[in-house]
Amino acid sequence: MPISAPDSLLKVAGLSAGYGKIGVLNGIDLSVGVGEIVALLGPNGAGKSTLLKAISGLLPRTGNVTFGGQDISRAGPGDTVRMGLVHVVEGHRVFTQQTCYDNLLLAGYGMPRAELATRVEEALSFFPEIAAKRSDRAITLSGGQQQMLAVAQGLVRRPRLLMLDEPSAGLSPVLVDRVLAAAGQLRQAGTAILLVEQLIEKALALADRVYALARGSIVLEARTSEANLPSRLEHAYFGEGAKAPLT
Amino acid sequence: MAAVDQRAPAPAARSGLWARIEKASPLLAVGIAGLCFPLLGDDYWAVIIERACVYWVLVSGLNLVVGFAGQIAIGWVGLLTLGAYTTSAMTAGTALPAFPAYVALVASAAIGALFGVIVGLPALRLRTFYFAMTTLGFSTIVTQVALAWKSVTGGGVGTPGPVFPWPFDPGWGFYYFCLLLAGICTWMTYNIAGSRFGRALVAIRDAEVAAEASGVAKPALLVTVFLFSGALAGVAGGLFSSLQSYITPDAFTFDLSVLFFISILIGGRGSILGPLLGTLLLTVLPEFAAPLVAWSTFLYAALLLLIVLVIPGGIADLLDFKNRRPLERHREIVPRPELLSRILPHPGEPNVLALKGIVLHFGGVRAIDGLDLAIRSREIHGLIGPNGSGKTTTLNVISGYYKPSAGEAYLNGKPLPFEAPPTRAAHRIARTFQTPRLIGGASVLENVMIGGTIDGAGTFVESMLALPRHWRDEARLHEAAMLALAVVGLDQLASVRADRLQHSELRFMEIARALMLRPDFLLLDEPAAGLSAEEIRRLGALIKQISKEGTAVLLVEHHADLIFDICDRVTVLNLGKELAAGTPAEIRSHREVVSAYLGA
Amino acid sequence: MFESIVSYGLAVGAIYAMTGITYNVMFSASRVFSFTAGMLGMLGGVLGAYFILQLGLPAIVGLVLVLACGALLGVVTEIVTVRPVLKNIEQHLYVLSTLAFALLVQQLTAIEWGTEAQPFPRLIPIGQGWLDQQFWLPMLACAVTIAGLEFLYRRTLVGRAFVAIAEDSYAARALGLPEQRLRLASFALAGVIGALAGFTGAEMLLAFFGNQAILNFYGFVPVALGGMGSNRGAVVGGLALGLFQQAANFLVGGIFAAVAVFVVFIVVLLLRPEGLAGGAAARRV
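Structural notes, computed from the coordinates. Note that this is a predicted model, so its numbers are computed, not measured. (Residues numbered from 1 in each chain as written. Chains lettered and ligands numbered in written order. Predicted model: local features only at pLDDT ≥ 70, side-chain atom pairs only at ≥ 80, totals over all residues.)

Some details on the overall build of chain A
Phase 1 of the analysis: In terms of regular secondary structure, chain A is built from nine helices and 10 strands.
Phase 2 of the analysis: Taking 18 Å as the expected radius of gyration for a compact globule of 247 residues, we find that chain A reaches 18 Å, a close match to that expectation.
Phase 3 of the analysis: Considering only C-alpha atoms, chain A reaches an extent of 50 × 40 × 35 Å along its principal axes.
Phase 4 of the analysis: Sequence separation of 24 or more characterises 65% of the internal contacts of chain A that already satisfy a separation of 6 or more. (Helix = DSSP H or I, 4+ residues; strand = E, 2+ residues; numbered from the N terminus. Rg over C-alpha atoms; globule rule 2.2 N^0.38 Å. Contact = placed C-beta atoms within 7 Å.)

Focus on the pairing of strand β5 (residues 380-384) of chain B
Residues and elements named next belong to chain B.
Phase 1 of the analysis: Burial analysis of β5 places five of its five residues in the buried class, the great majority of the element.
Phase 2 of the analysis: In terms of strand pairing, β5 meets strand β10 (residues 552-556) through four bridges, oriented parallel. Bridging across to β10, H381 finds its partner in L554.
Phase 3 of the analysis: Pairing of β5 with strand β11 (residues 569-574), which is carried by four bridges, proceeds in the parallel orientation. Opposite H381, over in β11, you have R569 as the bridge partner. (Buried ≥ 20, exposed ≤ 12 C-beta atoms within 10 Å, placed from the backbone. Pairing = 2+ DSSP bridges.)

Focus: unusual backbone geometry
Phase 1 of the analysis: Despite not being glycine, S245(B) has its phi angle at roughly 65°, a positive value.
Phase 2 of the analysis: Mapped onto the fold, S245(B) is located in the loop between α11 (218-244) and β2 (246-247).
Phase 3 of the analysis: A count of 11 C-beta atoms within 10 Å places S245(B) in the exposed class.
Phase 4 of the analysis: Of note in the backbone geometry, R31(C) takes a positive phi value of approximately 65° without being a glycine.
Phase 5 of the analysis: Note on R31(C): 15 C-beta atoms within 10 Å, which makes it partly exposed.

Looking at the sheet that holds β11(B)
Residue and element names in this part refer to chain B.
Phase 1 of the analysis: An order of β8-β9-β10-β5-β11-β12 is seen for the six strands of this open sheet, with the pairing classed as mixed. With one partner strand each, in any of the chains shown, β8 (429-431) and β12 (577-582) form the two edges of the open sheet. Between one strand axis and the next, the sheet turns by 20° as a mean value, whatever way the strands run.
Phase 2 of the analysis: As judged from the five bridges shared by strand β9 (residues 521-525) and β10, these two strands associate in the parallel manner. Bridging from a neighbouring strand, D525 pairs with V556 of β10.
Phase 3 of the analysis: With respect to the sheet, helix α23 (residues 533-548) is in contact with β5, β9 and β10, its orientation differing from that of β10 by roughly 150°. (Axes fitted to C-alpha atoms, helices over the stretch in contact; angles between N-to-C directions.)

Regarding the environment of G183(B)
Residues and elements named next belong to chain B.
Phase 1 of the analysis: Within the secondary structure layout, G183 lies in helix α8 (residues 172-193).
Phase 2 of the analysis: By the C-beta count within 10 Å, which is 20 here, G183 ends up buried.
Phase 3 of the analysis: Here the alpha-carbon distance between G183 and V365, two residues 182 residues apart in the chain, equals 58 Å.

Regarding helix α4 (residues 93-113) of chain C
All names here are of chain C.
Phase 1 of the analysis: For α4, which comprises 21 residues, the first-to-last C-alpha distance of 30 Å matches the rise-based estimate of 30 Å (1.5 Å per residue) to within 8%.
Phase 2 of the analysis: Of all 21 residues that make up α4, 15 are buried, and the element is covered over most of its length.
Phase 3 of the analysis: Looking at the residues trailing α4, positive phi occurs at G114, about 105°. (Expected span 1.5 Å × (residues − 1).)

Description of the sheet that holds strand β5 (residues 70-71) of chain A
All names here are of chain A.
Phase 1 of the analysis: If you trace the four strands from one edge of the open sheet to the other, you get β2-β1-β4-β5, paired in antiparallel fashion. Whereas interior strands pair on both sides, the edge strands pair on one side only; in this sheet they are β2 (22-33) and β5.
Phase 2 of the analysis: Where strand β1 (residues 8-19) meets β2, eight bridges bridge the pair, whose relative direction is antiparallel. Across the sheet, residue L10 finds its bridge partner in β2, namely V32.
Phase 3 of the analysis: Here helix α1 (residues 48-56) sits on the sheet in contact with β1, β2 and β4 (61-67), set at roughly 70° to β2.

Notes on the interface of chain C and chain B
Phase 1 of the analysis: Between chain C and chain B, the residue contacts involve 28 residues of the former and 31 residues of the latter.
Phase 2 of the analysis: If you list the elements that add at least two residues to the side of chain C that touches chain B, you get α4, α9 (211-226) and α11 (254-271) of chain C.
Phase 3 of the analysis: Residue composition of the side of chain C that touches chain B, grouped by class: 24 nonpolar, three polar and one charged. (Nonpolar A, V, L, I, M, F, W, Y, C, P; charged D, E, K, R; others polar.)

Notes on the packing of helix α21 (residues 468-488) of chain B against helix α22 (residues 503-515) of chain B
Residue and element names in this part refer to chain B.
Phase 1 of the analysis: Interaxial distance between α21 and α22 falls to 9 Å at its minimum, and their mutual angle equals 135°. Regarding the angle of α21 to α22, the classification is oblique. In the crossing of α21 with α22, the sense of the turn from one axis to the other is right-handed. On the side of α21, the interface is formed by A484, L485, V487 and V488, while α22 contributes F508, I511, A512 and L515.
Phase 2 of the analysis: For the contact of α21 with α22, the per-class residue count stands at eight nonpolar, no polar and no charged. (Parallel < 35°, antiparallel > 145°, perpendicular 65-115°, else oblique. Left-handed = near helix turned anticlockwise from the far one by under 90°.)

Structural notes on helix α14 (residues 296-310) of chain B
Phase 1 of the analysis: Along its 15 residues, α14(B) runs 21 Å from first to last C-alpha, staying within 8% of the 21 Å computed at 1.5 Å per residue.
Phase 2 of the analysis: Taken together, the buried positions of α14(B) are occupied by T297(B), Y300(B), A301(B), L304(B), L305(B), I307(B) and V308(B). The arc that holds every buried residue of α14(B), seen down its axis, measures 165°, which confines them to one face.
Phase 3 of the analysis: Where α14(B) is buried, its residues meet α12 (254-267) and α15 (314-318) of chain B together with α4 of chain C. (Arc of directions from axis to C-beta.)

Brief notes about the environment of L259(B)
Residues and elements named next belong to chain B.
Phase 1 of the analysis: Topologically, L259 is positioned in helix α12.
Phase 2 of the analysis: Judged by the 24 C-beta atoms lying within 10 Å of it, L259 is buried.
Phase 3 of the analysis: Among all residues touching L259, those that are not within four sequence positions of it are L282 and Y300.

Written as structure tokens, this is what we have:
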């Protein structure tokens with residue numbers, strides 16, 4: 001029984017990628033349906049960030065990636081962004097020397113002026129704190145606020161699929177909840193989300209489905225409603241890699 | 001290829017005089033051709049060959065700076081100018097009473113050496129482009145001074161060059177003089193290239209961090225090379241002024257600097273034969289393209305552009321047939337831990353390396369927030385934790401790259417200073433790196449021999465002159481490296497270029513290099529990353545045996561299986577602090593560790 | 001005497017400053033220093049003389065053509081000498097590729113244009129003595145350049161994209177900014193600035209192929225002293241260098257002035273390798 005929704009927005013098949021000679025991912029199969037939140041969990045060094053970079057085109061890869069029916073296996077981030085697949089990289093890398101507003105404008109580089117202005121306002125509406133600081137340079141923001149700004153950047157293009165790479169890293173619990181709540185709101189608006197996270201409980205609470213990645217392969221795929229998920233995950237991380245078959 | 005367990009390590013490359021001659025045969029052939037040339041009696045071409053020899057005297061030295069050490073010293077013609085005017089002025093007696101020509105030549109060497117160091121010193125502090133600019137500025141200044149200091153140099157009018165007396169008087173005598181000096185320079189630089197100093201230079205160029213970890217002191221080595229290279233340039237200058245018979249400042253154009261540079265690049269970095277052929281080629285070329293003389297610099301520049309874009313490896317790469325032979329595809333790495341007892345010393349007292357209260361800031365972030373850690377002989381200490389917890393940073397603190405804002409390190413009770421990575425090798429602290437650091441163009445064996453650089457007894461001069469201690473060092477290093485490669489299971493690949501190896505093989509090669517130090521402490525930074533399950537098992541067995549032989553091992557890893565399998569103690573880091581420490585079993589069931597690792 | 005030192009010094013300093021800015025603009029877009037900055041300045045003068053004196057075109061037309069040639073050369077530089085070597089940036093091959101290209105162009109100029117310095121036409125018939133337009137034209141051009149760049153970087157999205165790529169090219173790429181096109185545009189812009197420097201300065205420096213080497217070095221000194229990537233540092237450094245050089249010329253003569261500049265350059269760099277206003281170096285391990 002297929003667990004993915006009949007209309008898969010993102011479909012990854014046999015994806016392998018690495019850095020130079022170092023192979024990190026071996027033949028990944030993964031999918032994200034329209035309006036779904038999918039969590040990607042796994043221990044460090046498993047390749048979660050590498051997987052997102054391979055999907056968005058920041059890294060060269062072999063294998064097949066389709067988005068909204070179109071083949072993006074050879075596409076770079078410039079193309080994927082315009083097609084509605086946006087990748088918010090880890091480490092809240094915003095442009096510190098520019099204002100929050102300019103950071104958001106840059107996220108929509110190439111869009112018509114008026115439309116861009118509207119989208120920026122939309123993005124800011126998710127994060128009122130950042131809206132209040134729109135004319136301040138990003139360097140004056142705290143780490144957590146910079147992370148919110150980075151997620152806001154991801155929203156400017158009103159993506160169909162938003163990929164978030166460890167948005168909770170370095171954030172206090174309150175801010176983490178805020179960011180993840182924004183993710184929930186996005187799902188209401190129809191945006192699908194692929195979320196890489198270290199905080200298992202929070203990720204499981206938010207997501208519809210979960211993949212576990214360990215040592216470069218998918219070792220677990222399940223709906224978050226299934227039983228025993230935390231212990232199965234622990235086993236997958238520390239053990240020999242329990243591939244949980246789907247029921 | 002299945003590995004046979006009980007085979008002996010692969011035989012060392014044939015050593016001895018005959019093999020050495022065979023290796024140097026192309027150079028010898030060129031030399032013999034030069035010796036026989038006078039039989040043709042062609043005076044015109046004799047001058048061309050003299051010019052090539054004079055240029056080669058300079059280029060052979062510059063080759064060590066540019067081709068080996070990788071310093072982009074574009075303005076080296078300035079030293080040629082200095083040498084030329086020194087010799088001329090001293091023999092003509094314009095500044096001091098007249099000296100004999102040979103004495104003046106020696107003085108030129110000294111002046112060249114001095115200014116070689118002066119021009120070269122900025123390389124230790126400046127970025128590449130900045131350094132290139134300063135050498136350019138230097139050569140311009142020298143030309144300006146030559147123009148202005150009329151009393152000594154004759155200004156724009158120029159000054160006559162020296163005439164060397166018997167036995168090297170003008171005509172065939174001078175020819176043999178140039179050939180002799182070119183031959184000596186070839187021999188000396190060839191010896192250096194094949195010594196631990198030559199390998200260390202290339203290591204500085206391609207894998208500086210690994211060179212530091214092996215104890216290579218970059219400043220001392222670079223200064224030595226600049227001194228040597230400057231001296232050669234000075235001598236070339238003296239010969240040049242004699243060859244020209246009369247020198248003016250515009251004989252020393254920027255074009256010459258470009259020519260020297262291209263000779264090295266055409267020839268290929270890290271080679272002696274390549275740049276020699278390159279120099280010959282570029283000296284002789286204008287003779288065949290007489291109508292194009294006005295375009296010569298243009299063509300040189302076009303040639304340089306072509307080389308940089310298309311064949312950065314130069315002639316040497318093209319002639320490297322040995323490394324075109326295909327390698328076996330399904331190679332297995334089969335370490336032989338039982339050979340370790342031949343490498344590692346059996347310690348007397350157990351060693352301890354302890355960190356106390358380390359605090360380290362990067363910008364506003366506390367990368368390490370109060371850490372105590374101790375690694376002991378015969379103990380494998382695992383260091384694990386989530387991304388950003390400070391694992392590799394801790395390792396970098398131990399190996400001396402960072403200075404913490406608080407805390408100390410102790411080696412057997414004595415304080416260990418920070419911010420001095422090359423000193424670690426002398427303390428027998430060895431390490432590997434998260435991303436393998438290798439010298440792509442050198443063989444696997446040469447890469448591993450770098451690890452033993454500090455154990456050489458011979459000096460630079462002894463290597464330069466191929467004195468007995470140099471050969472003893474080389475033989476010992478060679479043997480030790482082959483043994484280390486046999487231990488990690490890579491001895492069959494010893495003569496292969498390192499950049500042809502697979503990633504997992506490179507990881508084991510790094511361990512072989514670290515073993516060359518016969519380390520009391522071995523720091524491993526994620527050695528299992530990118531290895532297959534079977535390779536990880538063999539790696540584990542190897543590390544266990546290393547520990548049994550008495551070495552203290554610190555293992556930073558993500559692979560939980562490896563950690564729990566072989567470690568005696570495990571420390572878990574989180575946010576720069578110790579979260580838990582104990583035996584693997586204790587850690588495995590520790591609630592907080594599980595949740596921190598899984599992140600709840 | 002004093003006035004001529006000041007006017008000549010500031011004028012030549014402005015040319016050095018603009019050349020420094022040329023270096024900076026190329027550097028911000030690619031993290032690479034190119035040897036072509038001096039080449040652009042030299043060609044600004046040579047091509048300007050060619051268009052105005054030999055082809056008889058009006059000065060304005062000549063200026064526009066020269067700037068267009070500068071942009072074109074910048075584009076060629078990026079495509080031929082920078083893009084191919086960006087992949088192994090640690091090998092520093094860009095030093096050699098840009099040097100080779102700059103040399104090619106210099107030699108071509110020497111062969112086709114000649115090795116003698118040729119006169120450059122008087123552009124605007126105003127002013128005389130130390131107030132002559134040959135002195136304040138470069139200063140005006142420098143001010144326009146600075147003002148233009150400020151406007152570009154602060155008020156236009158393209159300019160902000162340049163600044164973004166200079167700060168964090170990885171994040172810029174992930175955001176979907178067209179890194180390669182923006183880099184190409186940066187090099188074209190650098191070409192325009194370099195050519196402008198050479199054109200407005202040619203009344204003083206003349207149309208001379210040897211200007212390339214002079215501008216390469218003296219245009220780099222402000223960058224080294226002011227901190228790489230800092231245009232304000234380049235302006236301050238350039239003007240200071242121009243004044244220092246003229247004063248030294250007057251006091252001790254040309255040769256020693258050159259030596260003095262070089263010595264100051266080396267000493268400052270050795271004490272502060274990142275320049276007087278520069279930042280710290282990156283992590284290596």
